Amino acid sequence: MAAFDDSSDPDLGAACNRLAMWVESLPERALIDPVSELTEDDLALILRRLHAMRHLGDDGRTTDRPPVASVRASVPVTAKS
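Everything numeric in this text was worked out from a predicted model, so none of it was measured.

Comments concerning the overall build of the protein chain
(1) Moving on: On a plain count of helices and strands, the protein chain comes out with 2 helices and 2 strands.
(2) Moving on: Helices (α) and strands (β) of the protein chain occur, in sequence order from the N terminus, as α-β-β-α.
(3) Moving on: Residue burial in the protein chain is summarised as follows: out of 81 residues, 19% are buried.
(4) Moving on: Nonlocal contacts in the protein chain, meaning residues at least 24 apart in sequence, comprise 29% of its contacts between residues at least 6 apart.

Okay, structure coming up:
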């Protein structure tokens, strides 16, 4: 399973590492939650994709740049009259 030690958010990286360790100990295709039908495969897929997305730029090429925060205001700015 992918390691998240190089995460730009150490708390999130540590949490992902703990989740990965927990998922690895599960039997393959184990059902985690019968109500939502969440399986071990689902969690493993999510972790693998999160790991891969951290290393891909918008064009699909690898990058070592951290994500850039949006400069757009979260609330629309209106002109005062």
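That was the structure; now back to the text.
Digging into the side chain of Glu40
(1) Moving on: With respect to the secondary-structure elements, Glu40 resides in helix H2 (residues 40–54).
(2) Moving on: Of the side chains with opposite charge, Arg29 comes closest to the buried, unpaired Glu40, at an N-O distance of 6.0 Å.
(3) Moving on: At 3.0 Å, the side chain of Glu40 forms a polar contact with the backbone nitrogen of Arg29.
(4) Moving on: If sequence neighbours within four positions are ignored, Glu40 has contacts with Val23, Leu26, Pro27, Glu28, Arg29, Ala30 and Ile32.

Conventions and cut-offs
- Residues numbered from 1 in each chain as written.
- Predicted model: local features only at pLDDT ≥ 70, side-chain atom pairs only at ≥ 80, totals over all residues.
- Heavy atoms only, no water.
- Helix = DSSP H or I, 4+ residues; strand = E, 2+ residues; numbered from the N terminus.
- Buried < 20%, exposed > 50% of the residue type's maximum accessible area, 1.4 Å probe, protein only.
- Contact = heavy atoms within 4.5 Å.
- Lys, Arg positive; Asp, Glu negative; His and termini not counted.
- Salt bridge = Lys/Arg side-chain N within 4 Å of Asp/Glu carboxyl O.
- Polar contact = N/O pair within 3.5 Å; in protein donor to acceptor, adjacent residues only side chain to side chain.

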